[in-house]
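An overview of the molecular structure
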Amino acid sequence: MPFALGDAAAVSRWLTHRAAHLGSGIDEVRVTDVAQLSRGVSRETWAVDGIAVTVNGERPLALAVRRDHPAGSVIPTALETEYDVYRLLRDTAVPVAAALLYETDPAWQPDGRSAYLRERVEGTWYLPFLAGDDPEHDALRIAASKEHLDKLATVHAVDWRACGLGDVLDVPPSAADAAAHLVRSTRALIDELLDEPSPLLAEAAGALLERAPRDAPDLVLCKGTNGHGEEVWRDGHIVALSDWELARIGDPAYDLAQVQEMVPEIVRDGRRLWGWPEALAYYRERSGYEVSLERLEWYRSAYGLLQLAYSVHSGAAVRRLGSRAPLRFLWTAYEITHHAERKLAAAAGVPA
Amino acid sequence: MISPTAQDLLTGVIATLEDVLAPALTDENAQSTCRTAAQLLRSAAARLAGEQAALHADNADLRALLGTWTLHLPSTAGEVVTQALADPPVPTLPALEVLEADARALRAALVAAIDSVPERDAPFRHDVRDYLARAHERQRPWLQDAFTGPRR
């Protein structure tokens, strides 16, 4: 019988039923609090706190439930794909929250919708020292930048073939084709979702293909969205990489181009202490992969395609649902499409 | 961008006011204000959809009425009426739905043309990019300049 995810007693019954997925020896789960988190718009994330009762006593449980909105997801990636990425990374060196369960039994799906359960890792996404230009924080900012680059290198070192990620993520024909494949596959997806022709998309895709780099060193697991606001930090280290919605197999430059705020430009007394040239040199030292500024710039210019893909995906939901479409989907289909188109116009060389 | 349309935006905001915000507010006055706002937006949506055609038909109706009676009115009124009936405005724009259908056909043709000319430096492709810049400028007032506030 469907139950509401906000109903702590009902969630207790669900998790007790699925106790074997939560750890060994758990006889019962008592949920003390369930609350929807406000960060992130593409899917719903709920925090579930409770107590696991075992024969040896009780221990706290901190879990997260992820599911699509009733209207679906803003992004085109399937919920199960997101779960599979977490699941398949569990036995690798990449720090991620452990994925525990993908609930497919209609009798146990909260509110009758698919959902997955994962551990919730203690820490914070917020690094207060990143903002501003206080020289007192230079060392902290550089250390955090290196930590982030270290974790990206760890992601890129995953043997994605061996752990099965090639079965859940699209794989380009070759490393040399990674960039062109990104353009073609994303354009094809957008064309399926759009209900109107887009000359801007055609022009930008053509321009990007013409300039597509062919010197990617390897095909690696890429995280996609990464950086400040996306990862869980504790005591100066990333303890969990979060948000794998744009994960793919591709060029490591794809990830470096999407780093959010974690490569600050620090110049003191005319000398640059840190910036992208230093970060790329550090990344090369840690990963063994060369990423040129030119290849980085190409992937930055291609980001408009990724953004357009999820904004028109929202637009498709708006057309399907009409007045029942959540306002946030309508806003994404409208204002975010505009921002994506501005990026594509720049990539295409449209005069400003 | 044709879709989402202005009507889509109004429909979405009305539903949000009535189904999301009003029920979540505890203050009765605020709830009532939400319902009033939704009511006004419903009227605005209907007015946007029909006002141009209604005004055109209404003006034609008035012209017919006044035209019938001009010569039978006292001279001072007759002069005012004659002046008002002079130089009726010529309709210059097709209906929005007609323009949107035309845009879809033209843009589909342009996409096919772009895909058939892969050389980015071809004169045609240069002209395409110049057109795209002009197209953006035409939509700038509502797609860029109107986004002045915090968005969430």
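Right above here is the structure, for reference.
The structure contained in this document is the topic of the report that follows.

The rules behind each value
Residues numbered from 1 in each chain as written. Chains lettered and ligands numbered in written order. Predicted model: local features only at pLDDT ≥ 70, side-chain atom pairs only at ≥ 80, totals over all residues. Heavy atoms only, no water. Helix = DSSP H or I, 4+ residues; strand = E, 2+ residues; numbered from the N terminus. Rg over C-alpha atoms; globule rule 2.2 N^0.38 Å. Contact = heavy atoms within 4.5 Å. Areas by Shrake-Rupley, 256 points an atom, 1.4 Å probe, with all protein chains shown as cover. Lys, Arg positive; Asp, Glu negative; His and termini not counted. Charge placed at Lys NZ, Arg CZ, Asp CG, Glu CD. Pairing = 2+ DSSP bridges. Axes fitted to C-alpha atoms, helices over the stretch in contact; angles between N-to-C directions. Core = buried A, V, L, I, M, F, W, Y, C linked by side-chain atoms within 4.5 Å. Buried < 20%, exposed > 50% of the residue type's maximum accessible area, 1.4 Å probe, protein only. Buried area = accessible area lost by both parts, 1.4 Å probe. Salt bridge = Lys/Arg side-chain N within 4 Å of Asp/Glu carboxyl O. Polar contact = N/O pair within 3.5 Å; in protein donor to acceptor, adjacent residues only side chain to side chain. Nonpolar A, V, L, I, M, F, W, Y, C, P; charged D, E, K, R; others polar. Parallel < 35°, antiparallel > 145°, perpendicular 65-115°, else oblique. Left-handed = near helix turned anticlockwise from the far one by under 90°. 1 Å grid on protein atoms, 1.4 Å probe; cavity = no way out; pocket = protein on both sides within 12 Å on 5 of 7 lines; lining within 4 Å. Points joined across faces, edges and corners; volume = space filled by probe spheres on them. Patch = residues over 30% accessible without salt bridge, like charges linked within 9 Å, V, L, I, M, F, W, Y side chains within 5 Å. Phe/Tyr/Trp six-rings, centres within 6.5 Å; stacked < 30°, edge-to-face > 60°.

1. Re the overall build of chain B
For chain B, the count of helices and strands is 5 helices and 0 strands. The N-to-C order of helical and strand elements in chain B reads α-α-α-α-α. The globule rule puts the C-alpha radius of gyration for 152 residues at 15 Å, and the 24 Å found for chain B is more than 25% above it. Dimensions of chain B, computed from C-alpha atoms along their principal axes, come out at roughly 70 × 60 × 25 Å. A separation of at least 24 residues holds for 41% of the contacts in chain B among residues at least 6 apart in sequence. Here chain B displays about 10,600 Å² of accessible surface, and carbon together with sulfur accounts for 61% of that area. Here chain B contributes 14 positive and 20 negative side-chain charges, whose respective centroids are spaced 8 Å apart.

2. What to know about the sheet that holds strand 3 (residues 57-67) of chain A
Paired through their backbone hydrogen bonds, the strands of a sheet run either parallel or antiparallel. Residue and element names in this part refer to chain A. Judged by pairing direction, the sheet is antiparallel, and its 5 strands sit side by side in the order 1-2-3-5-4 without closing on themselves. If you trace the sheet from one side to the other, it starts and ends with strand 1 (26-36) and strand 4 (99-103), each paired once. With strand direction ignored, the average angle separating the axes of adjacent strands in the sheet is 25°. With 4 bridges connecting them, strand 3 and strand 5 (residues 115-119) associate as antiparallel partners. Within strand 5, the position partnered with valine 65 by the bridge is leucine 117. Sitting on the sheet, helix 1 (residues 8-17) touches strand 1, strand 2 (44-54), strand 3, strand 4 and strand 5, and the angle it makes with strand 1 is about 140°.

3. Details of the nonpolar core
Residues and elements named next belong to chain A. By size, the foremost hydrophobic cluster in this structure holds 90 residues, and its most contacted members are Leu89, Leu165, Leu221, Trp244, Leu256, Trp298 and Tyr299. It is helix 4 (residues 178-193) that contributes the most residues to this core, 7 residues altogether. If we skip the residues at most four places from it in the chain, leucine 256 touches Leu149, Leu152, Trp276, Leu280, Tyr283, Val291 and Leu296. Counting 23 residues, the second-largest nonpolar core is a separate cluster that includes Ala19, Val29, Val65 and Ala115.

4. Points about the side chain of Gln258(A)
All names here are of chain A. Locating glutamine 258 in the fold gives a position in the loop between helix 6 (252-256) and strand 11 (259-260). Residue glutamine 258 is classed as buried on the basis of its relative accessible area, which comes to 9%. Other than its neighbours up to four places away in sequence, glutamine 258 contacts Gly224, Thr225, Asn226, Leu246, Tyr303 and Leu306.

5. Notes on the interface of chain B and chain A
Taken together, the contact between chain B and chain A spans 34 residues of the former and 32 residues of the latter. Buried area between chain B and chain A, both sides added, is near 3,100 Å², and the carbon and sulfur share of it is 62%. If you look at where chain B meets chain A, you find 5 salt bridges. When the shortest N-O distance is used, the salt bridge between Glu203(A) and Arg129(B) registers 2.6 Å. The tally of links from chain B across to chain A stands at 10 residue pairs in polar contact (both at pLDDT 80 or more). Only helix 1 (6-24), helix 4 (96-116) and helix 5 (123-145) of chain B provide two or more residues apiece to the side of chain B that touches chain A. Counting residues per element, the side of chain B that touches chain A draws most heavily on helix 5 of chain B, which supplies 10 residues. For the side of chain B that touches chain A, the per-class residue count stands at 17 nonpolar, 6 polar and 11 charged.

6. Focus: the packing of helix 2 (residues 28-69) of chain B against helix 3 (residues 75-85) of chain B
Residues and elements named next belong to chain B. Where helix 2 contacts helix 3, the axes come no closer than 10 Å and their chain directions differ by 140°. Relative to helix 3, the element helix 2 is oriented oblique. Helix 3 is crossed by helix 2, and the crossing has left-handed handedness. Two secondary-structure elements touch here, helix 2 through Arg63, Leu66 and Gly67 and helix 3 through Val81, Ala84 and Leu85. Its residues placed into classes, the contact of helix 2 with helix 3 shows 4 nonpolar, 1 polar and 1 charged.

7. Regarding the pairing of strand 13 (residues 271-274) of chain A
Bridging between strand 12 (residues 266-268) of chain A and strand 13 of chain A involves 3 bridges; their strand directions are antiparallel. Bridge assignment links Val267(A) to a residue of strand 13 of chain A, and that residue is Arg272(A).

8. Focus: empty space enclosed by the protein
Residues and elements named next belong to chain A. Counted under the stated rule, the structure contains 1 cavity of 30 Å³ or more. Of the pockets and cavities examined, the largest cavity occupies roughly 40 Å³. In this structure, the largest cavity is lined by Pro172, Ala178, Leu182, Arg248, Ile249, Gly250, Asp251, Tyr254 and Tyr299. Those elements that place two or more of their residues in the lining of the largest cavity are helix 4 and strand 10 (248-250). Looking at which element gives the most residues to the lining of the largest cavity, the answer is strand 10, with 3 residues. Partitioned by chemical class, the residues of the lining of the largest cavity number 6 nonpolar, 1 polar and 2 charged.

9. Section: a nonpolar patch on the surface
Side chains of Leu62(B), Leu65(B), Trp69(B) and Leu73(B) sit close together on the surface and give an oily, nonpolar patch of about 380 Å² of accessible area. On the secondary structure map, Leu73(B) appears in the loop between helix 2 and helix 3.

10. Considering the packing of aromatic side chains
All names here are of chain A. Counted according to the given criterion, the structure contains 8 aromatic pairs over all chains. Seen from their ring centres, phenylalanine 3 and tryptophan 14 are 5.9 Å apart, and the 50° between their planes marks the pair as tilted. Of this pair, phenylalanine 3 sits in the segment before helix 1 while tryptophan 14 sits in helix 1, placing them 11 residues apart in sequence. You'll find phenylalanine 3 and tryptophan 14 in the same group, each marked buried. On the numbers, 6.2 Å between centres and 45° between planes, the contact of tyrosine 86 with tyrosine 116 is tilted. Highlighted residues: tyrosine 86 in helix 2 (residues 79-89) and tyrosine 116 in strand 5, separated in sequence by 30 residues. Pair check on accessibility: tyrosine 86 and tyrosine 116 agree, each one buried. Ring pairs connect the aromatic residues Tyr83, Tyr86, Tyr102 and Tyr116, which therefore count as one cluster.

Distances and angles like these do not, on their own, reveal function.
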